[in-house]
Amino acid sequence: YDQAARAWPILLVERAAARAAAGMFAEAAADYSAYVALLATIPKTRHYGSQSRAAIAYRLAGNAAEGDRLMKLAMEKAEADIALGKTDSPVTSTSEANDLYTILVALDSGQSTRARTLFSARSRWPSVAPGLLAGVAQKLDALATPADKASTPIPSAHDILAAEEA
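First things first, this report covers the structure right here in the doc. (Residues numbered from 1 in each chain as written. Predicted model: local features only at pLDDT ≥ 70, side-chain atom pairs only at ≥ 80, totals over all residues. Heavy atoms only, no water.)

Below, the discussion takes up the overall build of the protein chain. Tallying secondary structure elements over the protein chain gives 10 helices and zero strands in all. From first element to last, N terminus to C terminus, the protein chain shows the α and β order α-α-α-α-α-α-α-α-α-α. On C-alpha atoms alone, the protein chain measures out to a radius of gyration of 16 Å, which is about the 15 Å that the 2.2 N^0.38 rule sets for 166 residues. Here the protein chain holds 166 residues, and the buried ones make up 43% of them. Here the analysis covers contacts within the protein chain between residues at least 6 apart in sequence; of these, 60% occur between residues at least 24 apart. Accessible surface computed for the protein chain: about 8,600 Å², of which carbon and sulfur atoms make up 56%. (Helix = DSSP H or I, 4+ residues; strand = E, 2+ residues; numbered from the N terminus. Rg over C-alpha atoms; globule rule 2.2 N^0.38 Å. Buried < 20%, exposed > 50% of the residue type's maximum accessible area, 1.4 Å probe, protein only. Contact = heavy atoms within 4.5 Å. Areas by Shrake-Rupley, 256 points an atom, 1.4 Å probe, with all protein chains shown as cover.)

Phi is positive for lysine 44, which is not a glycine, with a value near 65 degrees. Here lysine 44 is to be found in the loop between helix 3 (25-40) and helix 4 (48-60).

Here we take up the nonpolar core. Most often, soluble globular proteins keep nonpolar side chains buried together rather than apart. Counting 40 residues, the largest nonpolar core has Ile56, Leu100, Phe119 and Leu132 as its most contacted members. Of all the secondary-structure elements, those providing two or more residues to this core are helix 2 (10-21), helix 3, helix 4, helix 5 (64-83), helix 6 (89-108), helix 7 (112-120), helix 8 (130-143) and helix 10 (157-165). If one sorts the elements of this core by residue count, helix 6 sits on top with seven residues. Not counting the four nearest positions on each side in its chain, isoleucine 56 is found in contact with Met71, Ala97, Leu100, Tyr101, Leu104, Val128 and Leu132. (Core = buried A, V, L, I, M, F, W, Y, C linked by side-chain atoms within 4.5 Å.)

This part is about the layout of surface pockets. What the largest pocket holds in volume is close to 280 Å³. Along the wall of the largest pocket there are 14 residues; nearest its centre are Ser123, Arg124, Trp125, Leu133 and Ile160. Elements with a minimum of two residues in the lining of the largest pocket: helix 7, helix 8 and helix 10. The greatest single-element share of the lining of the largest pocket, amounting to three residues, is contributed by helix 10. Per-class residue counts for the lining of the largest pocket are nine nonpolar, two polar and three charged. (1 Å grid on protein atoms, 1.4 Å probe; cavity = no way out; pocket = protein on both sides within 12 Å on 5 of 7 lines; lining within 4 Å. Points joined across faces, edges and corners; volume = space filled by probe spheres on them. Nonpolar A, V, L, I, M, F, W, Y, C, P; charged D, E, K, R; others polar.)

In the structure shown here, the tally under the stated rule is one aromatic pair. For arginine 122, the ring lying beneath its charged end belongs to tryptophan 125, and the centroid distance is 4.6 Å. (Phe/Tyr/Trp six-rings, centres within 6.5 Å; stacked < 30°, edge-to-face > 60°. Lys NZ or Arg CZ within 6 Å of the ring centre and 35° of its normal.)

In this section: helix 4. Here helix 4 is 13 residues long and its end C-alpha atoms lie 18 Å apart, about the 18 Å a rise of 1.5 Å per residue gives. The buried count for helix 4 comes to 13 of 13 residues, which makes it a mostly enclosed element. The positive-phi residue at the C-terminal boundary of helix 4 is glycine 62, with phi of around 100 degrees. (Expected span 1.5 Å × (residues − 1).)

Along the chain, the position of aspartate 31 falls in helix 3. Classification of aspartate 31 by relative accessible area gives buried; the value is 3%. Leaving out residues up to four positions away in the same chain, aspartate 31 has contacts with Leu12, Arg15, Ala16 and Arg19.

Tallied over the full model, the rule gives 12 salt bridges. The closest approach of N and O atoms between arginine 122 and aspartate 99, which form a salt bridge, is 2.7 Å. Taken together, the residues arginine 122 in the loop between helix 7 and helix 8 and aspartate 99 in helix 6 connect sequence positions 23 residues apart. Residue aspartate 99 is classed as partly exposed on the basis of its relative accessible area, which comes to 33%. (Salt bridge = Lys/Arg side-chain N within 4 Å of Asp/Glu carboxyl O.)

Treat this as a map of the structure, not an account of what it does.
In structure tokens:
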């Protein structure tokens, strides 16, 4: 991947997604960040969608400070584009990633019931890598009380990854 990514940088995103699916969140975050750094060298590139996915991966890896920093930057860029009337894919994917990030923040703040409710309220997350979704689902499941699991069912990490394979 490292050699191929020099010729086809999008492979970094593919490897990040594969690493997230394997639960290797720190490595996925590094790949997303490398991709963002590469895109940042190209003028007028709107790379904040990948930056928001890096934020999720960092938070799942236990680096909340870096995740918070990256999500804040991504949302600032998305909001600036919204102010210019842009509502296309980078904006919507960043907004979706921010919704998922909010769930992780709630979990890390001890609000597991709220986090499960937010997660279950959405039926699809088309802009977020399935491995990142599976990581959030696994964390939701690990921190849920039996009452949470009974009242707010969510798909398991295994089901999320299996749906991606189908």
